[in-house]
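# Fold and geometry: a report
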Amino acid sequence: MVIFSSVILAALFGSLLAHGVVTDPSPRVVGGANLAACGAAVYKVLKSGKALLLCVENAAAKIDSDYNATACYLFFCRGYQYEDNVDSTRVYATGQVVPFAVDIEAHHTGYANVSVVNLATQTPIARLFTWDVYANDSLGPSQWPKNESSFNVTIPDLGDTCTTASACAIQWWWYATKNVQTFESCVDFATA
Ligand SMILES: *[C@@H]1O[C@H](CO)[C@@H](O)[C@H](O)[C@H]1NC(C)=O
Ligand SMILES: *[C@@H]1O[C@H](CO)[C@@H](O)[C@H](O)[C@H]1NC(C)=O
Ligand SMILES: *[C@@H]1O[C@H](CO)[C@@H](O)[C@H](O)[C@H]1NC(C)=O
Ligand SMILES: *[C@@H]1O[C@H](CO)[C@@H](O)[C@H](O)[C@H]1NC(C)=O
Ligand SMILES: *[C@@H]1O[C@H](CO)[C@@H](O)[C@H](O)[C@H]1NC(C)=O
């Protein structure tokens, strides 16, 4: 298990990380497993230059017969696959404070949360951060709450639920109510 620094990943993926997503820790990206699971048409949207800026619904609009709903699950971690991101699995300790940065490309009022998710069942295990209102588009830049784009989460005591790589991820999830747009970023981790 290799722990990539965000600096290295930023260099590898460059501007891909610059839009509408968690930018630190660098989240899951597309790869061959994603292509196989989601089909070429959906994959093309997910890997396009503006991919991380786009909501999940943009990719869902391209679902065709090559889309495997069991394997791709677009509405969980954007359908990005663990197999494509094994080397980015972080190791966190209980109580560790993990700083997050989010680049909100365009504000669309909604709500958001950050949760530890069980990758096998695709269900939340623990809530780490909640915004009842997120990215309120009636507010000007000077009024934007700082914690929407820069915040800390503390790794809770997860027992032995997340000791194995590929068991758990931290998912940032934002639903823009009026626009009906879902944004997701997943950071794979295991507890030490
Ligand atoms: C769809 O994905 C599931 C889970 O990975 C797999 O078991 C199944 O064989 C796939 N179906 C097709 C048609 O490829
Ligand atoms: C929290 O995030 C989950 C997705 O992981 C979502 O289904 C749920 O509706 C969100 N809840 C709130 C209150 O934001
Ligand atoms: C967004 O901000 C405006 C201006 O402060 C406020 O009137 C409105 O209630 C806010 N929206 C939500 C959903 O809280
Ligand atoms: C985020 O910031 C807002 C506005 O500054 C504040 O009201 C809210 O309590 C903060 N949320 C958390 C979970 O700290
Ligand atoms: C996150 O926590 C660190 C200390 O662990 C602190 O220096 C930093 O200001 C915090 N960041 C935010 C956005 O709260």
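These notes cover the structure that comes with them.

Rules and cut-offs
- Residues numbered from 1 in each chain as written.
- Chains lettered and ligands numbered in written order.
- Predicted model: local features only at pLDDT ≥ 70, side-chain atom pairs only at ≥ 80, totals over all residues.
- Heavy atoms only, no water.
- Disulfide = S-S within 2.5 Å.
- Helix = DSSP H or I, 4+ residues; strand = E, 2+ residues; numbered from the N terminus.
- Buried < 20%, exposed > 50% of the residue type's maximum accessible area, 1.4 Å probe, protein only.
- Near = heavy atom within 4 Å.
- Polar contact = N/O pair within 3.5 Å; in protein donor to acceptor, adjacent residues only side chain to side chain.
- Areas by Shrake-Rupley, 256 points an atom, 1.4 Å probe, with all protein chains shown as cover.
- Phe/Tyr/Trp six-rings, centres within 6.5 Å; stacked < 30°, edge-to-face > 60°.
- Pairing = 2+ DSSP bridges.
- Axes fitted to C-alpha atoms, helices over the stretch in contact; angles between N-to-C directions.

Considering all chains together, one arrives at 3 disulfides under this definition. Two residues, Cys-38 and Cys-72, share a disulfide whose sulfurs are 2.0 Å apart. Sign of the S-S torsion, about 90° for the bond between Cys-38 and Cys-72, identifies this disulfide as right-handed. A residue pair is termed long-range when its members are at least 10 positions apart, and Cys-38 in helix H2 (residues 32-38) and Cys-72 in helix H5 (residues 69-72) qualify at 34 residues. Side by side, Cys-38 and Cys-72 carry an identical accessibility label, which is buried.

What follows deals with the site of ligand 1. The environment of ligand 1 is made up of Asn-68, Thr-70 and Ala-71. Between ligand 1 and Asn-68, the relevant distance is 2.4 Å, taken from an oxygen atom to a side-chain nitrogen or oxygen of the residue. For ligand 1, whose free accessible area comes to 360 Å², the fraction covered by protein is 24%.

Moving on, we get to the packing of aromatic side chains. Within the structure shown, the criterion is met by 14 aromatic pairs. Measuring from ring centre to ring centre gives 4.5 Å for Trp-174 and Phe-183, while their planes differ by 25°; the resulting arrangement is stacked. Across the pair, exposure class does not vary: Trp-174 and Phe-183 are buried alike. Joined through ring pairs, the aromatic side chains of Phe-100, Phe-129, Trp-131, Tyr-134, Phe-151, Trp-172, Trp-174 and Phe-183 make up one cluster.

Turning our eyes to something else, we now look at the sheet that holds strand S3 (residues 97-102). Pairing between sheet strands relies on hydrogen bonds along the backbone, with the strands arranged either parallel or antiparallel. Taken in spatial order, the 3 strands line up as S1-S3-S6 in an open sheet, and their pairing is antiparallel. The open sheet has two edge strands, strand S1 (22-24) and strand S6 (150-154), and neither has a second partner. If you compare each strand with its neighbour and ignore which way they point, the axes differ by 40° on average. The sheet contact formed by S1 and S3 spans 2 bridges and is antiparallel. Paired with Asp-24 across the strands is Ala-101, a residue of S3.

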